[in-house]
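Topology and contacts: notes
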Amino acid sequence: MLISQGHTMALRSQVGPSHCIRSKNIKCMVDCSFVSNIGNRMDASKMKGTRVSFPSLPLKATRTMQRLHLDSSGVQYKRGHRVIVAASPPTEDAVIATEPLTKEDLVAYLASGCKTKEKWRIGTEHEKFGFELKTLRPMKYEQIADLLNGIAERFDWEKILEGDNIIGLKQGKQSISLEPGGQFELSGAPLETLHQTCAEVNSHLYQVKAVAEEMGIGFLGIGFQPKWGLKDIPIMPKGRYEIMKNYMPKVGSLGLDMMFRTCTVQVNLDFSSEVDMIRKFRAGLALQPIATALFANSPFTEGKPNGYLSMRSQIWTDTDNNRAGMLPFVFDDSFGFEQYVDYALDVPMYFVYRKKKYIDCSGLSFRDFMSGKLSPIPGELPTLNDWENHLTTIFPEVRLKRYLEMRGADGGPWRRLCALPAFWVGILYDEVSLQNVLDITADWTQEERQMLRNKVPKSGLKTPFRDGLLRHVAEEVVKLAKDGLERRGFKESGFLNEVAEVVRTGVTPAERLLEMYHGKWGQSVDPVFEELLY
């Protein structure tokens, strides 16, 4: 799901509440100059003299510049000065636009993610369900607040508040945030190797368990809440979720299930250029149904089998089709940063964040906002922070920000939290494997990709594809991922053991759960809380 504010690869500045850094010395070849996430995620204080070039950007996009002033200090920054925004939404509204954003600014923002291969990183995010060990009931917000406070105090995390409510934690480049129904999310730091990624996951789970067990709380690694109905799920006190909760039923029948009853694991990966982004985006979209099948882990709803292997994936098919799906335009010859901006501009808004409050703009147009015609805040213009916030409200199977997010997998136990980034790193960070995947999928039609998207939640690896089953393609792809990891030279291929076993047997995690449900569990879902307990 990952619809909270815990986003992995944002530059997190340490300069206090304005979230802005003034520097006259930073020279960037992109004049829009809102360059966070530059290079190796350096502290902004170390970035003087940094030059960043975006080889595939249209010339006019490199010449755009916004005039801004900081309302916290009243200082006006004219053309020629540079502002770096620590964009970890929801950002404080310390930056106020005094000149309209152009489409070139929005394109340049995405292109500012380009970085050379040695600076590519791995950012892993995962969610899990907290529950009372005695009753199996979902954690209430009050328990979650105690847990967050306990982790902060024992393990030295900084608290994130919304009003008087604790809603998350941060420590360095990691953050912990809450999804709408209290799903507990770790947004990991951008790391170099999968060994670091798995160590980060283990450290996080250790800290959470150390505090939670004393409270009689456990955590479940699964893609959909197996036992409880929507009425049983608490709502977290976050303003953006209230807006989304009211809007979701207007645009799809399963949006509230998505918000309150799903968990995912995703990986965020870098690109070197617009061309590299396009290649990775296409490979990611084409293979996303395979990832969905390999990690399918949500076969139960309200105590019974729901007819799907990945109910979480199925839910996205009727959540809000204006902002979800397989993005066929990514395969158009004309696709690039600009085309994604056009798509994102046409996705209806949810909110604007001003003066530490969310303003309901659900269903309204970001294009109107750019013209100062947003009815709840007439005359006000968006900043690039508003654009970044808007990009977090788009939920396709692969999402573009200043990096690419692979979004097709169900949440699961800790080994799978390491296996998901391993799968994608082996494919997308190795040129040979990436080219092989592009060759394999080159003649897949839009209809075939959509067919896989539609059928995999129900039939998983047994989905018929051309003259065989999807399992046969998955075997080939997992082999390519393993080869890619081996060529990286970090001895990471062992992290793929979990998925290698799935393709070897053809049995998805969900099918194993169903086998136990119909066998030793005696048609009760309660044992899943022990089976998939972290």
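Residues numbered from 1 in each chain as written. Predicted model: local features only at pLDDT ≥ 70, side-chain atom pairs only at ≥ 80, totals over all residues. Heavy atoms only, no water.

**A word on the pairing of strand β17 (residues 357-360)**
Using the following cut-off: A pair of strands is treated as paired once DSSP finds two or more bridges between them. Helix and strand assignments come from DSSP, with helices taken as H or I runs of at least 4 residues and strands as E runs of at least 2, each series counted from the N terminus.
Across four bridges, strand β16 (residues 351-354) lies against β17 in antiparallel orientation. From the neighbouring strand, Val-352 faces β17, where its bridge partner is Ile-359. Connecting β16 to the antiparallel partner β17 that follows it, the hairpin turn spans two residues, and Lys-355 within it adopts a positive phi of roughly 50 degrees.

**Quick word on helix α16 (residues 509-518)**
To keep it simple, the criterion reads: Each residue gets one of three labels from its accessible area relative to the maximum for its type: buried under 20%, exposed over 50%, partly exposed in between, using a 1.4 Å probe on protein chains only. Working rule for contacts: check all heavy atoms of both residues, and any pair within 4.5 Å makes them a contact.
Of all 10 residues in α16, seven are buried; the element is thus mostly enclosed. Where the residues of α16 are buried, they touch α6 (274-294), β13 (300-301), β14 (304-305), α11 (414-428), α15 (497-505) and α17 (528-531).

**Details of the nonpolar core**
Stated formally: To define a nonpolar core, start from buried Ala, Val, Leu, Ile, Met, Phe, Trp, Tyr and Cys residues and group those joined through side-chain atoms within 4.5 Å.
Counting residues in each nonpolar core, the largest one holds 153 residues, and the members touching the most others are Phe-184, Phe-281, Leu-294, Tyr-340, Trp-387, Phe-423 and Trp-424. Ranked by residue count, the leading element in this core is α6, at 11 residues. When neighbours within four sequence positions are excluded, Trp-387 is seen to be in contact with Leu-106, Tyr-109, Val-341, Ala-344, Leu-345 and Phe-366.

**Considering the packing of helix α12 (residues 431-441) against helix α14 (residues 470-488)**
Operational definition: Whenever a helix is involved, its axis is fitted only over the stretch in contact; in every case the axis is a line through C-alpha atoms, and angles between N-to-C directions fall within 0 to 180 degrees. By the definition adopted for this analysis, an angle is roughly parallel if under 35 degrees, roughly antiparallel if over 145, roughly perpendicular if from 65 to 115, and oblique otherwise. It is the rotation of the near helix from the far one that decides the hand of a crossing: anticlockwise by less than a right angle makes it left-handed, clockwise makes it right-handed.
Contact geometry for α12 and α14: axes closest at 8 Å, N-to-C directions at 160 degrees. Looking at the two axes, α12 sits roughly antiparallel to α14. Between α12 and α14 lies a crossing whose hand is right-handed. On α14, the residues touching Val-432, Ser-433, Asn-436, Val-437 and Ile-440 of α12 are Glu-476, Leu-480, Asp-483, Gly-484 and Arg-487.

**Describing empty space enclosed by the protein**
To find the voids left in a structure, one rolls a probe of water-molecule size over its atoms. Which entries qualify depends on this criterion: The rule is simple: put a 1 Å grid over the protein atoms alone, call a set of points where a 1.4 Å probe fits but cannot get out a cavity, call an open set with protein on both sides within 12 Å along at least five of seven lines a pocket, and count a residue as lining if it has an atom within 4 Å of a point. Grid points are joined across faces, edges and corners, and a volume is the space filled by probe spheres set on the points. Charged residues are taken to be Asp, Glu, Lys and Arg, nonpolar residues to be Ala, Val, Leu, Ile, Met, Phe, Trp, Tyr, Cys and Pro, and polar residues to be all remaining types, Gly included.
The tally for this structure, following the rule as stated, stands at six cavities of 30 Å³ or more. Considering the residues around the largest cavity, the lining is formed by Lys-128, Phe-129, Gly-130, Pro-138, Met-139, Ile-144, Gly-181, Gly-182, Gln-183, Gln-225, Ile-233 and Phe-260. Among the elements that make up the lining of the largest cavity, the one with the highest residue count is strand β6 (residues 122-132) (three residues). Looking at the lining of the largest cavity, its residues break down into six nonpolar, five polar and one charged.

**What to know about the packing of aromatic side chains**
What counts, and what does not: Each Phe, Tyr or Trp ring (for Trp, its six-membered ring) is paired with any other whose centre lies within 6.5 Å, and the angle between the two planes then decides the class: stacked below 30 degrees, edge-to-face above 60, tilted in between. Definition used: whenever NZ (Lys) or CZ (Arg) falls within 6 Å of the ring centre and also within 35 degrees of the ring normal, the charge is taken to sit over that ring.
This model, assessed by the stated rule, comprises 21 aromatic pairs. Ring geometry for Phe-300 and Tyr-517: centres 5.4 Å apart, planes at 40 degrees, overall tilted. Taken together, the positions of Phe-300 in strand β13 and Tyr-517 in helix α16 put the pair 217 residues apart, joining distant regions of the chain. We note that Phe-300, like Tyr-517, is buried. Geometrically, the ring pair formed by Phe-329 and Phe-335 is tilted, given 5.8 Å between the ring centres and 55 degrees between the ring planes. What links up through ring pairs into an aromatic cluster is the set Phe-281, Phe-329, Phe-335, Tyr-340 and Tyr-343. The ring of Trp-120 has Lys-280 sitting right over it, with the charged end atom 3.4 Å from the ring centre. Sitting over the face of the ring of Tyr-308, Lys-458 holds its NZ or CZ atom 4.4 Å from the ring centroid.

**Here we look at the pattern of salt bridges**
Inclusion rule: We define a salt bridge as a side-chain nitrogen of Lys or Arg found within 4 Å of a carboxyl oxygen belonging to Asp or Glu.
Tallied over the entire structure, the rule returns 34 salt bridges. A salt bridge links Asp-270 to Lys-115; its shortest N-O distance comes to 3.6 Å. Of this pair, Asp-270 sits in the loop between β12 (264-269) and α6 while Lys-115 sits in the loop between α1 (103-111) and β6, and the two are 155 residues apart along the sequence. For the pair formed by Asp-270 and Lys-115, the shared burial category is buried. For Arg-323, the salt bridge is made with Asp-320, and the minimal N-O distance between the two is 2.7 Å.

**Let's talk about the layout of surface pockets**
Put simply, the second largest pocket is a space of about 350 Å³. Along the wall of the second largest pocket there are 20 residues; nearest its centre are Pro-413, Arg-416, Glu-498, Pro-509 and Arg-512. For the lining of the second largest pocket, the elements supplying multiple residues, two or more each, are α11, α15 and α16. With five residues, α15 is the single largest residue contributor to the lining of the second largest pocket.

**Some points on α1**
In an α-helix, one turn spans 3.6 residues; hence positions three or four apart end up facing the same way. Burial of α1 is extensive: eight of the nine residues sit out of reach of the surface. Residues Glu-104, Asp-105, Leu-106, Val-107, Ala-108, Tyr-109, Leu-110 and Ala-111 constitute the buried set of α1.

Any link to function would need more than the numbers given here.
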